[in-house]
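As a plain string of letters, each chain reads:
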Amino acid sequence: MTNGFIVTVEQTPTVHATTLREGDTFTLADNGSPLTILTRQRHLQPLWLLGLEGHDSPITLRDDEPIRPLRMLRAFDLTCQLCTRTGRRVLDLPVHGIPQTWVCDQH
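Rules used in this analysis
Residues numbered from 1 in each chain as written. Predicted model: local features only at pLDDT ≥ 70, side-chain atom pairs only at ≥ 80, totals over all residues. Heavy atoms only, no water. Pairing = 2+ DSSP bridges. Helix = DSSP H or I, 4+ residues; strand = E, 2+ residues; numbered from the N terminus. Salt bridge = Lys/Arg side-chain N within 4 Å of Asp/Glu carboxyl O. Buried < 20%, exposed > 50% of the residue type's maximum accessible area, 1.4 Å probe, protein only.

A. Fine view of the sheet that holds strand 4 (residues 31-42). The strand order across the open sheet built from six strands is 2-7-3-4-5-6, with neighbouring strands paired in antiparallel fashion. The outermost strands of the open sheet, each flanked by one partner alone, are strand 2 (15-16) and strand 6 (59-62). Across four bridges, the pairing between strand 3 (residues 25-28) and strand 7 (residues 66-71) is antiparallel. Residue Thr25 lies in a different strand from strand 7, and its bridge partner there is Arg71.

The following block contains the structure:
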């Protein structure tokens, strides 16, 4: 992907647990310790069973439980708003925000 620039909007400080994926790092609303997800599986609707780095036992979170994301790497396929060039960019949502548009470095 060529460089250019991406316009993003800030991600909200808390998101629902259902948005979490393996590899994400977050904190719970009542606990400031960072937790990194090793495994994620549906337990019973609406619950997720999360295996965490450094923890022997998994935890269970509801879909709508608020968490504070610290690291959420996501890949986005973006199309330049001024031409038909496309590319993939990986963004860390709590750091970079959610992409809205991209303009490649040809403009």
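B. Region of interest: the pairing of strand 7. Where strand 2 meets strand 7, two bridges bridge the pair, whose relative direction is antiparallel. Counterpart to His16 in the pairing with strand 7 is Pro66.

C. Expanded view of the pattern of salt bridges. Scanning all chains against the criterion turns up five salt bridges. The partner of Glu65 in a salt bridge is Arg62, and the shortest N-O contact between them spans 3.8 Å. What makes Arg62 partly exposed here is its relative accessible area of 41%. Here Arg88 ties to Asp77 by a salt bridge, and the two come within 2.8 Å at their closest N and O atoms. Of this pair, Arg88 sits in strand 9 (residues 86-92) while Asp77 sits in strand 8 (residues 73-79), and the two are eleven residues apart along the sequence. Through salt bridges with shared partners, a single ionic network connects Arg62, Asp64 and Glu65.

None of the figures reported here should be taken as evidence of function without further support.
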